[in-house]
Amino acid sequence: MEQVIQVTTSNYSEKVNKEGKAALIFVGDVLAETGQSWCSDTVEAEPTIKNYAIPQLLQKGYTVYWCWAGDKETWKDPNNPARVSEWIQIKSIPTLLLVHENKEAIRFEEEQLFNENALKQFLEQ
């Protein structure tokens, strides 16, 4: 993931280049004890995101941002910056958000990210 820019929900709004095409991938933080995200949906979606979606998005000229949503308590806080953002509002994780010229183009949430075939319909157009 060397071509993917790592950000957090507290700094993504300043770090994301809002010109052109951006892909924002919001996921739960990794637990030190397990080496996996606390969010079971993130764990399930991660192989599809990393092995399929990210290469496709990079090939299509997207700047890809891996947005750490925080630990469970941070993510569940109703004042989490990603939840209350005027620019984009993230309601669940994982979420893959495609942004074109500072406007939301496509949003994939939770189980929509589990299946590579489901993503192909949109990403290979």
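Chains are numbered independently. Their residues run from 1 in the order of the written sequence. Where local features are concerned, this predicted model is filtered to residues with pLDDT of at least 70; where side-chain atom pairs are given and counted, the filter is 80 or more; whole-chain, interface and lining totals use all residues. No hydrogens and no water enter the side-chain calculation; it runs on all heavy atoms of the structure.

(A) Structural context of unusual backbone geometry. Cis peptide bonds are those with omega within 30 degrees of zero, and the linkage from Ile93 to Pro94 qualifies with 0 degrees. Looking at the element boundaries, Pro94 is found in the loop between helix 4 (81-84) and strand 4 (95-100). Positive phi, close to 75 degrees, is recorded for Asn102, a residue that is not glycine. Counting from the N terminus, the helices are the DSSP runs of H or I reaching at least four residues and the strands are the DSSP runs of E reaching at least two.

(B) Structural detail: the confidence of the model for the protein chain. By definition, pLDDT measures how confident the predictor is in each residue, and it falls between 0 and 100. Per-residue confidence for the protein chain gives a mean pLDDT of 88; residues scoring 70 or more make up 98%. Per-element mean pLDDT across the protein chain ranges from 78 in helix 1 (residues 12-15) up to 94 in strand 3 (residues 63-68).

(C) Fine view of helix 2 (residues 40-59). Between the first and last C-alpha of helix 2 there are 28 Å, a value that for 20 residues agrees with the 28 Å anticipated at 1.5 Å per step. In this scheme, the bend at a residue equals the angle between the axes fitted to the seven residues that finish there and the seven that begin there. Ile49 marks the point of greatest bend in helix 2, at about 50 degrees. Each residue is assigned to one of three classes by its accessible area relative to the maximum for its type, calculated with a 1.4 Å probe on protein chains only: buried under 20%, partly exposed between the two thresholds, exposed over 50%. The set of residues buried in helix 2 consists of Thr42, Ala45, Thr48, Ile49, Tyr52, Ala53, Ile54, Gln56 and Leu57. Of the surrounding secondary structure, the elements contacted by the buried residues of helix 2 are strand 2 (21-27), strand 3, strand 4 and helix 5 (116-123). One less than the residue count of a helix, multiplied by 1.5 Å, gives the span that helix is expected to have. The criterion used for residue contact is that any of the two residues' heavy atoms lie within 4.5 Å.

(D) Main features of the sheet that holds strand 5 (residues 103-109). Taken in spatial order, the five strands of this open sheet run 1-3-2-4-5, and their pairing is mixed. The sheet terminates laterally at strand 1 (5-8) and strand 5, the two strands that pair on one side only. Within this sheet the neighbouring strands show an average axis-to-axis angle of 25 degrees, counted without direction. By definition, two strands form a pair when at least two bridges between them are found by DSSP. The pairing of strand 4 with strand 5 spans six bridges and is antiparallel. Within the sheet, the bridge partner assigned to Leu97 lies in strand 5 and is Arg107. Taken strand by strand, helix 2 contacts strand 2, strand 3 and strand 4, and its axis lies near 160 degrees from that of strand 3. Only C-alpha atoms enter the line fits that serve as axes; for helices the fit covers just the stretch in contact. Angles between N-to-C directions range over 0 to 180 degrees.

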